[in-house]
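Letter by letter, the chains look like this.
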Amino acid sequence: MAFDFALTRNPAPATPARLQEILADPGFGVHFTDHMVTAEWTHDAGWQDAVVEPYGPVTLQPHAAVLHYGQEIFEGLKAYRHEDGSVWLFRPEKNAERFERSAARLMLPILPAADFVSSVTALVEIDERWVPSAAAGEYSLYLRPFMYASEAFLGVHPAQEVTYRVIASPVGPYFATGAVEPVDIWVTTTYSRAGAGGTGAAKCGGNYASGLIAQQEGYAHGCSQVLFADAASGSLLEELGGMNLFLVTADGQLLTPELSGSILEGVTRDSILVAATELGLTPVERKIELAELFDGLASGHIVETFACGTAAVLTPIGSFRDEEHTWAVGTGSIDHTLAIRTYLTDVQYGRRPDTHGWLTKVV
Ligand code: COI
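Residues numbered from 1 in each chain as written. Predicted model: local features only at pLDDT ≥ 70, side-chain atom pairs only at ≥ 80, totals over all residues. Heavy atoms only, no water.

## So, helix H8 (residues 335-348)
Using the following cut-off: Think of it this way: any DSSP run of H or I at least four residues long counts as a helix, any run of E at least two long counts as a strand, and we number them from the N terminus. The span you would expect from a helix comes to 1.5 Å times its residue count less one. Note on classification: 1.4 Å probe, protein chains only; a residue is buried when its accessible area is under 20% of the maximum for its type, exposed when over 50%, partly exposed between these limits.
Relative to the 20 Å expected for 14 residues at 1.5 Å per residue, H8 spans 20 Å between its end C-alpha atoms, a close match to the ideal helical length. For H8, every residue scored as buried is listed here: Thr337, Ile340, Arg341, Tyr343, Leu344, Thr345, Asp346, Val347 and Gln348. The positive-phi residue at the C-terminal boundary of H8 is Gly350, with phi of around 75°.

Structure representation (structure tokens):
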């Protein structure tokens, strides 16, 4: 059954003056729109019709399963306003497919991709005024669909009652440094993000919770993100705390760790691999040793590196650090990173033809 949205309008939406104030400096994930989407699922009845309702606190029993066992998944995608005022989603079906895979891994019910896309669309439509204007620069409306075990039961089993919601937040750059300022990356040798057979390829809260301690270690050393190696050998690059990683070599290769089963299959990652070929780079997905990264940085073979994700877009990396070393990246040129970044953001904001059919018009 496809969702049919019942609408309850927010009786006290943000005033135009307040909205203007927020959109002038949205930050990241600080402000939320007037509405949210909610749908409930039960084992016996399946998905119930979704509602678009006022954004606000949600209630859970203290013994709701998600609070104890972390049965939860989420997604992140953005709505972009083009110069003609129209609003578009970037590859929402890719997020929908990943949400299905994450749900399967976490024993949550499958939300059909069409319902995922229609729920996101319904929220963007009703809260369209929250999508920052094209003139604002690189601002957008960040959409956060998520699903959790709302069943009130302390036994450990796949939840029989589940809640799906979508919330939306107008956003600017993810990193406090700004949109394209290089960030420094902490290389943790103490902690792993995910292991073989674990949940690393799923977008679930637990992956992020388990990474916080390493991220904190990075903050303490002046870094903005943490790089994890694989859990088995500790010698292979995997990904950053909340984003994928790319390296550019002096001979024009664009390297990224292959999908090992414990790496998140990023939508931005996938789009970059497509864009790279058109920009004259050779995309390569393979195993990459940490030693290869460090040696390549030292020898100058690796000339640029960057982090990527929906939130981070493409953010250049200035250095990698551990307890004893700092490896500076390249000579300060970030031309390749900027070229790929511009390619993607130009498609997203409608400044470049969408030759791959990546955009879906909402308004
Ligand atoms: C995203 O890029 O959408 C993410 O989920 C990353 C998160 C750290 C904000």
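## Observations regarding the packing of helix H3 (residues 92-105) against helix H4 (residues 113-126)
Angle between the axes and distance between the axes are the two parameters that describe a pair of packed helices. Using the following cut-off: Whenever a helix is involved, its axis is fitted only over the stretch in contact; in every case the axis is a line through C-alpha atoms, and angles between N-to-C directions fall within 0 to 180 degrees. Here is the rule for angles: anything less than 35 degrees is roughly parallel, anything more than 145 is roughly antiparallel, 65 through 115 is roughly perpendicular, and the remaining ranges are oblique. A crossing counts as left-handed when the near helix is turned anticlockwise from the far one by less than a right angle, and as right-handed when that turn is clockwise. In this description, contact between two residues means that some pair of their heavy atoms is separated by no more than 4.5 Å. When residue character is reported, Ala, Val, Leu, Ile, Met, Phe, Trp, Tyr, Cys and Pro are called nonpolar, Asp, Glu, Lys and Arg charged, and the others, Gly included, polar.
Here H3 crosses H4 at 125°, and the two axes come no closer than 9 Å. Put simply, H3 runs oblique to H4. Seen from above, H3 lies across H4 with right-handed handedness. Where H3 approaches H4, its residues Pro92, Glu93, Asn95, Ala96, Phe99 and Glu100 are matched on the opposing element by Ala113, Phe116 and Val117. Its residues placed into classes, the contact of H3 with H4 shows six nonpolar, one polar and two charged.

## Notes on unusual backbone geometry
Positive phi, normally seen in glycine, also occurs at Met107, with a value near 60°. For Met107, the location among the structural elements is in the loop between H3 and H4. At Val313, a position not held by glycine, the phi torsion is positive, near 55°. In this structure, Val313 sits in strand S17 (residues 313-321). You can call Val313 buried: its relative accessible area is 12%.

## A look at the site of the ligand
Here is the rule: A cutoff of 4 Å decides nearness: a residue is near a molecule or strand if any of its heavy atoms lies inside that distance of it. Two N or O atoms form a polar contact when they lie within 3.5 Å of each other; inside protein one atom must be a possible hydrogen donor and the other a possible acceptor, and for residues adjacent in sequence the pair counts only when both atoms belong to side chains. Throughout the structure description, domain borders are defined by an automatic or database domain assignment.
With respect to spatial proximity, the complete set of residues near the ligand consists of Phe74, Gly76, Tyr142, Arg144, Tyr174, Lys203, Gly242, Gly309, Thr310 and Ala311. One nitrogen or oxygen atom from the side chain of Lys203 is found 2.7 Å from an oxygen atom belonging to the ligand. Contact distances for the ligand include 3.2 Å between an oxygen atom and a backbone N or O atom of Thr310. A breakdown of the residues in the shell around the ligand according to their chemical character gives four nonpolar, four polar and two charged. No fewer than three residues from each of domain 1 (6-171) and domain 2 (183-348) sit in the shell around the ligand.

## Considerations on the layout of surface pockets
Rules: A 1.4 Å probe that fits into a set of points on a 1 Å grid over the protein atoms alone but cannot get out defines a cavity; an open set with protein on both sides within 12 Å along at least five of seven lines defines a pocket, and lining residues are those with an atom within 4 Å of a point. Grid points are joined across faces, edges and corners, and a volume is the space filled by probe spheres set on the points.
Considered as a void within the structure, the largest pocket measures approximately 560 Å³ in volume. What lines the largest pocket is a set of 33 residues, among which Tyr142, Arg144, Lys203, Tyr208 and Gly242 lie closest to the centre. Among the secondary structure elements, those contributing two or more residues to the lining of the largest pocket are strand S8 (140-149), strand S9 (161-171), helix H5 (205-220), strand S11 (225-229), helix H6 (267-278) and strand S16 (302-309). No other element matches the five residues that H5 contributes to the lining of the largest pocket. A breakdown of the residues in the lining of the largest pocket according to their chemical character gives 15 nonpolar, 14 polar and four charged. Counted as a void, the second largest pocket has a volume near 220 Å³. Residue lining of the second largest pocket: 19 residues in total, with Asp230, Leu236, Glu238, Ser260 and Ser262 positioned closest to the centre. Here the residues of the lining of the second largest pocket are counted per class, giving nine nonpolar, five polar and five charged.

## Remarks on a nonpolar patch on the surface
Filter applied, for reference: For patch building, the residue pool is restricted to those with more than 30% relative accessible area and no salt bridge; the joining distance is 9 Å between like charges and 5 Å between nonpolar side chains (Val, Leu, Ile, Met, Phe, Trp, Tyr). Exposure was quantified through the Shrake-Rupley algorithm and a 1.4 Å probe, taking into account, for residues, occlusion by the shown protein chains and nothing else. Each salt bridge in this description consists of a side-chain nitrogen of Lys or Arg and a carboxyl oxygen of Asp or Glu lying within 4 Å of one another.
Taken together, the side chains of Tyr69, Leu154 and Val156 define a hydrophobic patch exposed on the protein surface, amounting to about 320 Å² of accessible area. For Val156, the position within the fold is in the loop between S8 and S9.

## Focus: the pattern of salt bridges
The final tally for this structure, using the stated rule, is 14 salt bridges. Of the charged contacts, one joins Glu21 and Arg18 as a salt bridge, the two residues approaching to 3.3 Å between their closest N and O atoms. Of this pair, Glu21 and Arg18 both sit in helix H1 (residues 16-24), three residues apart, which is roughly one turn of the helix. Under the relative-accessibility criterion, Arg18 is labelled partly exposed at 34%. Between Arg165 and Glu53 there is a salt bridge, with its nearest N and O atoms 3.5 Å apart.

## What about empty space enclosed by the protein?
Counted by the stated rule, this structure contains three cavities of 30 Å³ or more. Considered as a void within the structure, the largest cavity measures approximately 120 Å³ in volume. What lines the largest cavity is a set of 13 residues, and nearest its centre among them are Tyr80, Phe90, Thr268, Thr310 and Gln348. If you list the elements that add at least two residues to the lining of the largest cavity, you get strand S6 (77-81), H6 and H8. Per-element tally for the lining of the largest cavity: the top contributor is S6, with three residues. Its residues placed into classes, the lining of the largest cavity shows six nonpolar, six polar and one charged. Both domain 1 (6-171) and domain 2 (183-348) contribute no fewer than three residues apiece to the lining of the largest cavity.

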